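# Coordinate inspection notes
Chain by chain, the residues run as shown.
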Amino acid sequence: MFLFHCVKQHVFNRGFWDFVKLFYSNFSLISYKLSLIILISLATLSYLYLKFHYKPMAKSTDKNKKLKGKSTFIASILSVFGKNPYRPFNYKQISAQLGIKDKASKDLVAAILKEMAAGKDIVETKLGKYKLNPEALKTLGHSSSYITGIVDMKNTGKAYILPDEGGDDIFISANNTFRAMDGDHVKVMMFPQRKGRKIEGQIVEVLKRVKENYVGVLEVSENFAFLVPDNANVPVHIFIPKSQIKGAKNGEKVIVKLTEWPEHSKNPFGEVTQVLGMPGNNDVEMQSILAEFDFPLSFPKHVEKAADEIPKIIPKEEIAKRRDFRNSTTFTIDPLDAKDFDDALSIQKLASGNWEVGVHIADVSHYVEQNSTIDKEALNRGTSIYLVDRVIPMLPEVLSNELCSLRPNEDKLCFSAVFEMDDHANILTQWFGKTVINSDRRFTYEEVQEIIESNAGEFLQEINTLNHLAKILRDKRFKNGSINFHSEDIRFNLDENGKPLSVYVKEQKDSNRLIEDFMLLANKKVAEFIGKTKSKKEAKTFVYRIHDEPNPEKLNTFIQFITKLGYTLNINTRGKLADSFNQLFEKIHGKGEANMIETIAIRTMSKAEYSTHNIGHYGLAFSHYSHFTSPIRRYPDLITHRILHWYLNGHKSVNQNEYEKICLQASELERRAEKAERESIKYKQAEYMLEHIGKRFSGLISGVSKWGLFVQIEENKCEGMVRLRDMKDDFYYLDEDNYQVIGQRSGDKYKLGDRVYIFVKKIDLSKKQVDFELVN
């Protein structure tokens, strides 16, 4: 006991660690028995020391110092919660974040967490798990830094938020995406921006789930299954209980409805709603694309029934109400495989020597009444979708291909824009209203082009006159600042099973431009008729097709990009900028960099959309523009017809808020349809290249990245990647500023636009990816 007392006195008078040093420095001078007694005493004292030092009510010789140390410790714990304010932690996770490994200190963390919870700094979400109290966010500088926006999810699990109010994208790390999916509307808590770092945040709430149906391949286990989504931007697999797979087999493509995402689950839960079939089948793949973008695969039976019940015979009373063009020379010009002829042109020479040109559009609004069963379905679809091998119509086929289609030698109801024009394409008079026509001929673009080039064929004078007038309209448009954007129209020749036999680019010729120019004229004049007022009187509500000016920052970035490739743009005035764009497109035509420059140029521009708030159409250089000419395949055109007819009958303005909502929905559906169409092209290109594995082609470098070179085959416009890891003759690195890769040893360069020779190495059809290798 005396020895114990001496050890105790030494510990508490001189300090615990001083005694330990003393003991070990004299260990060899002490007998074994005595050292054993001292060790036991030391162990006992160690326990008493820890208890004495950390117990809140225990006495301390340096109380202020201990309190200060504890405060620092609490601040360290708070900083962990502050970095992840909506993530719950237990004491082990906090300890790991602070680098604490010994049990005593971990126990201390557990005790402090309980104290902090009692003090309301943190809240216990479930037994042993804590997260920061929302009130404590104010202390950490997070009181007002919230934004809302749309999730742009990446396949790595990280995401970017496109803010509702505009501005820079916000980076979200993979562990801060909450339970959000690609495209969701979310609430984001902003982090204080660190110098030299991108803007970051954390998703704290999903405000609106943008979609609930996902397409992919089913992986079936003994008691459950997972959906592996086709969309690479959905980085999680969807868990499906075995009872909810609806008889689907392992490896089949299915549609899964998201049912819930439990708070503590890494994966969302779902149920199979439709089995599509095995991957690789053409119908399965095309249906997968449609389902991925939430487009219906068929019309509901009640919609088909309503369409079938529409009378096929036009009443004489209806014809009597309309202006009759059945005796005017009238024809349609459409693609070879078209069935929905929704526009026709008529032309006749007037006694004055001027020309009367009629732009006749199928009168869908006569057959599809507002808020009817068919109308509601059309509103939900928004547009027809043109995949490589099929059209998914906005309206049932009895309407789109029969009743409303302006087929030759049949009386058809139209809504028309009729213009009196002189030989210089000046508009002398105009008229809008309901008509009846009877088309004399159904032309294809190829047939009309042959007539133009050969100067021979049916309706030669009429076609030549329309072509002459169209060219003048086109020249005037470009002189006024219209930008002639180029984009390749890739087409496929398919066999009866949808397998691609060849790929080609559909070239725009005079026959295509002839129709385009008269459709633009009708769309413009209809918008001006409603939107342009002679006095300061406010214009009535209308549906416009608008296109905003390019974002200055994006435009500047684009100019820097093309400057490095040897091109320039004049941005001094709007007119000079438009001229510069048109000259640029002419210079790059046929070059390797053309596709990339044209793509980036289009992305530099704002996206055209529908709105009741008119700001004009920048790309066309029109102050007023609408979509009037395609009501069979675009819902905004259908409501344009309704509103125009309403105003022609002298009625007051329609409700702007009601139609603005429709415009927003139609714009979104249009964007989705475009994405679906691009995905079908990518799939068919990859499928076509399956038959050419190992074959050699000439191509142009169409893009460069840190992963490799994008090469577009000149012959068929299929694009694939030459991966840097497969370029084994040297170690190549990316020179991002000059759009090239450079060999570290040899100095060899592969630059955007260069011609190279490749062979087809590998095709991943499920991912629509094509891999090439360079040929020496």
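This section reports on the structure supplied with the text. (Residues numbered from 1 in each chain as written. Predicted model: local features only at pLDDT ≥ 70, side-chain atom pairs only at ≥ 80, totals over all residues. Heavy atoms only, no water.)

### Regarding the sheet that holds strand 13 (residues 323–324)
Ordered in space as 13-20-19-16-15-14-21, the seven strands form an open sheet in which the pairing is mixed. Two strands in the sheet have a free side with no partner beyond their single neighbour: strand 13 and strand 21 (441–444). Pairing between strand 13 and strand 20 (residues 427–438): two bridges, direction parallel. Directly across from R323, in strand 20, lies its bridge partner T435. Contacts between helix 15 (residues 510–531) and the sheet are confined to strand 14 (329–334), strand 15 (343–349), strand 16 (355–362), strand 19 (411–421) and strand 20, with strand 20 contributing the most and set at about 105 degrees to the helix. (Pairing = 2+ DSSP bridges. Helix = DSSP H or I, 4+ residues; strand = E, 2+ residues; numbered from the N terminus. Contact = heavy atoms within 4.5 Å. Axes fitted to C-alpha atoms, helices over the stretch in contact; angles between N-to-C directions.)

### Thoughts on the environment of L734
Tracing the backbone shows L734 in strand 29 (residues 732–735). Exposure remark for L734: the relative accessible area of 28% places this residue in the partly exposed category. Other than its neighbours up to four places away in sequence, L734 contacts V704, S705, K706, Q740 and V741. (Buried < 20%, exposed > 50% of the residue type's maximum accessible area, 1.4 Å probe, protein only.)

### What to know about helix 14 (residues 460–479)
Helix length check: helix 14 (20 residues) gives 29 Å between terminal C-alpha atoms against 28 Å at 1.5 Å per residue, within 8%. For helix 14, the set of buried residues is I463, T465, L466, N467, L469, A470, I472, L473, R474 and R477. (Expected span 1.5 Å × (residues − 1).)

### Considering the pattern of salt bridges
When charged atoms on two side chains of opposite charge get close, those side chains can pair. The final tally for this structure, using the stated rule, is 43 salt bridges. A salt bridge links D107 to K103, with the nearest nitrogen and oxygen atoms 2.9 Å apart. Residue D107 and its partner K103 are located together in helix 6 (residues 103–118), separated by four residues, close to a single helical turn. Given a relative accessible area of 36%, D107 falls into the partly exposed group. Here D230 ties to K253 by a salt bridge, and the two come within 3.0 Å at their closest N and O atoms. One end of the pair, D230, is in the loop between strand 9 (224–229) and strand 10 (238–241); the other, K253, is in strand 11 (residues 253–260), and 23 residues separate them in sequence. Owing to a relative accessible area of 4%, K253 belongs among the buried residues under this scheme. Overlapping salt bridges bring together E318, K321, R322, D363 and K434 as one network. (Salt bridge = Lys/Arg side-chain N within 4 Å of Asp/Glu carboxyl O.)

### As for the environment of V741
Counting through the fold element by element, V741 comes out in strand 30 (residues 740–743). With eleven residues separating them in the primary sequence, V741 and L752 have C-alpha atoms 9.2 Å apart. Every residue in contact with V741, bar those within four places of it in the chain, is listed here: L709, L724, Y732, Y733, L734, D735, D748, K749 and Y750.

### Quick word on unusual backbone geometry
At D294, a position not held by glycine, the phi torsion is positive, near 65 degrees. Counting through the fold element by element, D294 comes out in the loop between helix 7 (282–292) and helix 8 (301–308). At A425, a position not held by glycine, the phi torsion is positive, near 65 degrees. Residue classification places A425 among the buried positions, given a relative accessible area of 3%.

### A closer look at the packing of aromatic side chains
In the structure shown here, the tally under the stated rule is 20 aromatic pairs. Here the aromatic rings of F415 and F628 are separated by 5.7 Å at their centres, their planes lie at 80 degrees, and the arrangement is edge-to-face. Of this pair, F415 sits in strand 19 while F628 sits in the loop between strand 25 (609–611) and helix 19 (635–648), and the two are 213 residues apart along the sequence. The exposure class of F628 is buried, given its relative accessible area of 0%. Both rings, one in F432 and one in F529, keep their centres 5.0 Å apart while their planes meet at 50 degrees; by these two values the pair is tilted. In this pair, F432 is assigned in strand 20 and F529 in helix 15, connecting sequence segments 97 residues apart. Lying across the ring of F171, K198 places its NZ or CZ 4.6 Å from the centre. (Phe/Tyr/Trp six-rings, centres within 6.5 Å; stacked < 30°, edge-to-face > 60°. Lys NZ or Arg CZ within 6 Å of the ring centre and 35° of its normal.)

### Quick look at the nonpolar core
Counting 80 residues, the largest nonpolar core has L399, M421 and F518 as the members making the most contacts within it. With nine residues, helix 15 is the single largest residue contributor to this core. When near neighbours in sequence (up to four residues on either side) are disregarded, F518 contacts L345, V357, V359, M421, L466, L469, A470 and L473. Grouped together as the second largest cluster of nonpolar side chains are 60 residues, L387, I392, I559 and I758 included. (Core = buried A, V, L, I, M, F, W, Y, C linked by side-chain atoms within 4.5 Å.)

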